[in-house]
Amino acid sequence: MTEQDKKVERYKQRQEKIKNNVDKRVAEAQEEKGLLLIITGNGKGKTTSGFGTVARAVGHGLNCIVAQFIKGTWDCGERNLLEMHNVPFYVMKTGFTWNTQDKESDTKAAQAVWEECKKALEDESIDLVLLDEMTYMVTYGYIDLKEVKTALSNRPKMQSVVITGRAAHRELIEMADTVSEVRSVKHAFDSGIKALKGIDW
Ligand code: ATP
Ligand code: MG
């Protein structure tokens, strides 16, 4: 056997081993349940990922609802599209901004959306709930962490939930099945480029 043949053989063996491991893990993954997913981090792509998941689910004929905290009153391409597919949207009406002035009215607005979310989280007919930018509501104390955890724990077994937003609370991360952190490598905004319709909203 030449050196080259030996290399090829070793490569084959390695690939075989990887394949066996993957096959074994696929066979072992038997549990079926709805998932709690968190998309967090400072990079761009959290909300678009959440909506991508909703689009995927709607494409399979599943029932979805979307709750938008923070940017609810802004124009939103995904909303325009998904409402055509009868996906209900619950949005914060006061147009909460980063430099919010009035904690009381913001809390009220967040609570109103959260009430709708709680109903959805008890509803077996809903397959997927997107809680967009919800992490901030918990961080700022507009919505009680314990209440969120209880609603998530008691939701129907096959219902999935996607939570997006920066700085997800440690306890939510612990609770989640899948957590992805989007890291910013660079962002056009830092080069002075304006937010773009269809890309940024
Ligand atoms: P997207 O909605 O595009 O998936 P996102 O949900 O990950 O973004 P957010 O923190 O919700 O990000 O911010 C939403 C807006 O801020 C979008 O217009 C997005 O392009 C912009 N943005 C996201 N990340 C950054 C960043 N690292 N620097 C500057 N702007 C950003
Ligand atoms: Mg977002």
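About the criteria used
Residues numbered from 1 in each chain as written. Chains lettered and ligands numbered in written order. Predicted model: local features only at pLDDT ≥ 70, side-chain atom pairs only at ≥ 80, totals over all residues. Heavy atoms only, no water. Helix = DSSP H or I, 4+ residues; strand = E, 2+ residues; numbered from the N terminus. Expected span 1.5 Å × (residues − 1). Buried < 20%, exposed > 50% of the residue type's maximum accessible area, 1.4 Å probe, protein only. Arc of directions from axis to C-beta. Donors = N, O, S within 2.8 Å, 3.2 Å for Na, K, Ca; no water. UniProt positions renumbered as here; feature names shortened; annotations may be inferred. Polar contact = N/O pair within 3.5 Å; in protein donor to acceptor, adjacent residues only side chain to side chain. Contact = heavy atoms within 4.5 Å. Core = buried A, V, L, I, M, F, W, Y, C linked by side-chain atoms within 4.5 Å. Near = heavy atom within 4 Å. Areas by Shrake-Rupley, 256 points an atom, 1.4 Å probe, with all protein chains shown as cover. Nonpolar A, V, L, I, M, F, W, Y, C, P; charged D, E, K, R; others polar.

Student: Quick question: what am I supposed to make of helix α2 (residues 46-59) here?
Tutor: Working note: α-helix, 3.6 residues per turn, so residues spaced by three or four point in the same direction. Between the first and last C-alpha of α2 there are 20 Å, a value that for 14 residues agrees with the 20 Å anticipated at 1.5 Å per step. Buried within α2 are the following residues: Lys46, Gly50, Phe51, Val54, Ala57 and Val58. Burial along α2 is one-sided: seen end-on, the buried residues are contained in an arc of 130 degrees. Seen from the buried face of α2, the exposed residues on the opposite side, beyond 90 degrees, are Arg56 and Gly59.

Student: Any chance you could explain the coordination of the magnesium ion (ligand 2) here in plain terms?
Tutor: Between any two of four tetrahedral donors, the ideal angle at the metal is 109.5 degrees; between two of six octahedral donors, it is 90 or 180 degrees. For the magnesium ion (ligand 2), the full set of protein donor atoms is Thr47 (OG1) and Glu133 (OE), and the range of their distances to it is 2.0 Å. Highlighted residues: threonine 47 in helix α2 and glutamate 133 in the loop between β4 (128-132) and α5 (134-139), separated in sequence by 86 residues. Note on glutamate 133: relative accessible area 6%, which makes it buried.

Student: Where do I start with the UniProt feature "coiled-coil region" (unreviewed entry) in the protein in this structure?
Tutor: The sites that UniProt annotates as "coiled-coil region" (unreviewed entry) are residues 1-32. Here residues 1-32 is 81% helix and 0% strand, with 48 Å between the C-alpha atoms at its ends.

Student: Help me understand the side chain of glutamine 159 in this model?
Tutor: Tracing the sequence through the fold places glutamine 159 in the loop between α6 (145-153) and β5 (160-164). Here the side chain of glutamine 159 touches alanine 120 through a polar contact of 2.9 Å, landing on its backbone oxygen. Once you skip the residues sitting within four places of it in the chain, glutamine 159 turns out to touch Gly34, Leu35, Ala120, Leu121, Asp123, Ile126, Asp127 and Val129.

Student: How should I be thinking about the nonpolar core in this particular structure?
Tutor: Most often, soluble globular proteins keep nonpolar side chains buried together rather than apart. Counting 32 residues, the largest nonpolar core has Phe69, Met137 and Ile143 as its most contacted members. Elements that contribute at least two residues to this core include exactly β1 (36-40), β2 (64-68), α4 (103-120), β4, α5, α6 and β5. Counting residues per element, this core draws most heavily on α4, which supplies 6 residues. In this structure, Phe51, Val66, Phe89 and Leu128 belong to the second largest nonpolar core, which totals 16 residues.

Student: What exactly am I supposed to notice about the site of ligand 1 here?
Tutor: Residues in close proximity to ligand 1 total 14 residues, the closest being Lys44, Gly45, Lys46, Thr48 and Asp200. The backbone of glycine 45 places a nitrogen or oxygen atom 2.8 Å from an oxygen atom of ligand 1. Burial of ligand 1 by the surrounding chains reaches 83%, relative to a free accessible area of 580 Å². Within the shell around ligand 1, the residues separate by chemical class into 1 nonpolar, 7 polar and 6 charged.

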